[in-house]
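If you want the building blocks of each chain, they are given just below.
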Amino acid sequence: MNEIELLREWDADAPPLTDAARVRARFRLQQVMQAPAAPVAVSGVGRRPLLRIAVAGVAAAAVTATVVVTQDTGTEPRTRTVSATTVLRGAAAEALRTEKPVAPRDDQFIYTKEVIERRPVGGGPVKRWVDESWSSVDGSKRSYVSELGTKQWVPPDQKGAYSWPPQEWSKLERLPLDPARLTIVLREAGTKPDFSRKTRADEWPKIQIFLSGLLRHSVLPKGLRSTAFEALAAVPGVQVLPGRTEFNGHTAIGVRYVGPSGGPWADGRRVLLFDAKTYQYLGQRERTTVKFTKREVEQSQYLVASGVVDRVFQRP
């Protein structure tokens, strides 16, 4: 209660907090108020008041997971229970804390180095690829893309070409840094957004896949990654996997989306993975079928390096 009182008086004689400070303060308050054996209550309250208005009456699933973490003192492990909302909002705060603002020029390229591993379901040899790609910032130049080891040149965008979420930096910069408004803009897929209309239940599967697609970008305008994590926290059907998993040397918490039965992108096969202590985003894992076969594999992928460069084959 003392910490809550301090937070209440924080703004009394001080200048307004920055967005990053507000996210960290809110996240700290959630941790203070969270009972050790109970999930954090899920609400639509976000970093900005509009989030509560836009998603009123629609609560994200508060499915919890017990994750074992080691105390800083190195003594016996302890357990704590977290919800998807806690993890995603923690990831939003961590993204704000660690991001390095960039301002690429239209004639530059976004460099991405990613590792992809496939493990056959039921056992077998593991295949591993290291993919490096150079994507034109504004789409006006040829890009060089590698996917599962297949490398190819991609021609410049044709006039009138359309992709969603947007790929061009100038369009990414125009996306709102308000979680509720971002949700609605993505929902409308490039058409004029109606911020007064409530989101229908059948639209959430599409929204979550757009948010996941946005998070796949290795480099984003300042604040956009954090906003996307917060928006995802308000999607009904986002839940934490029970237990813990190991991922790229980390003890990880998995978050997935499970939507209406039979709906598209709603089978929960794709899992976003976060560090169990810091909630830093680590990568993703999904069960998929190898193209042109019936063989199922567990595919994991994570980012190794990224940045802005002046030409193809240059590395940051």
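Here goes a summary of the coordinates provided. Quick caveat, the model's predicted, so the values are computed rather than measured.

The rules behind these values
- Residues numbered from 1 in each chain as written.
- Predicted model: local features only at pLDDT ≥ 70, side-chain atom pairs only at ≥ 80, totals over all residues.
- Heavy atoms only, no water.
- Pairing = 2+ DSSP bridges.
- Helix = DSSP H or I, 4+ residues; strand = E, 2+ residues; numbered from the N terminus.
- Buried < 20%, exposed > 50% of the residue type's maximum accessible area, 1.4 Å probe, protein only.
- Axes fitted to C-alpha atoms, helices over the stretch in contact; angles between N-to-C directions.
- Parallel < 35°, antiparallel > 145°, perpendicular 65-115°, else oblique.
- Left-handed = near helix turned anticlockwise from the far one by under 90°.
- Contact = heavy atoms within 4.5 Å.
- Nonpolar A, V, L, I, M, F, W, Y, C, P; charged D, E, K, R; others polar.
- Salt bridge = Lys/Arg side-chain N within 4 Å of Asp/Glu carboxyl O.

1. Focus on the pairing of strand 11 (residues 281–289)
- Here five bridges tie strand 10 (residues 270–275) to strand 11, and the two strands are oriented antiparallel to one another. The partner of L273 across the bridge, within strand 11, is G283.
- The loop that links strand 10 with its antiparallel partner strand 11 comprises five residues; one of these, Y279, has a positive phi angle of about 65°.
- Pairing analysis gives six bridges linking strand 11 to strand 12 (residues 296–309), with the strands arranged antiparallel. Opposite Q284, over in strand 12, you have Q301 as the bridge partner.
- Taking the residues that link successive antiparallel strands as the turn, the strand 11-strand 12 hairpin has six residues, and the phi of F292 there is positive, at about 70°.

2. Section: the pairing of strand 10
- The buried count for strand 10 comes to five of six residues, which makes it a mostly enclosed element.
- Where strand 9 (residues 250–257) meets strand 10, five bridges bridge the pair, whose relative direction is antiparallel. Across the sheet, residue R256 finds its bridge partner in strand 10, namely V271.

3. Overview of the packing of helix 7 (residues 204–215) against helix 8 (residues 224–233)
- It is the contact of helix 7 with helix 8, at a shortest axis distance of 10 Å, that shows an interaxial angle of 155°. Classed by the angle they form, the pair helix 7 and helix 8 counts as roughly antiparallel. Here the hand of the crossing between helix 7 and helix 8 comes out left-handed. Contacts between helix 7 and helix 8 involve Q208, L211, L214 and L215 from the former and L224, R225, A228, F229, A231 and L232 from the latter.
- Tallied by class, the residues present in the contact of helix 7 with helix 8 amount to eight nonpolar, one polar and one charged.

4. Structural notes on the pattern of salt bridges
- Overall, the coordinates contain 16 salt bridges when judged by the stated rule.
- Measuring nitrogen to oxygen at the nearest pair gives 3.3 Å for the salt bridge that ties R269 to E296. Residue R269 is found in the loop between strand 9 and strand 10, and its partner E296 is found in strand 12; the two are separated by 27 residues along the sequence.
- You can call E296 partly exposed: its relative accessible area is 30%.
- Between E298 and R287 there is a salt bridge; the shortest N-O distance is 3.0 Å. Placement of the pair is E298 in strand 12 and R287 in strand 11, with a sequence separation of 11 residues.
- The class for E298 is partly exposed, based on a relative accessible area of 25%.

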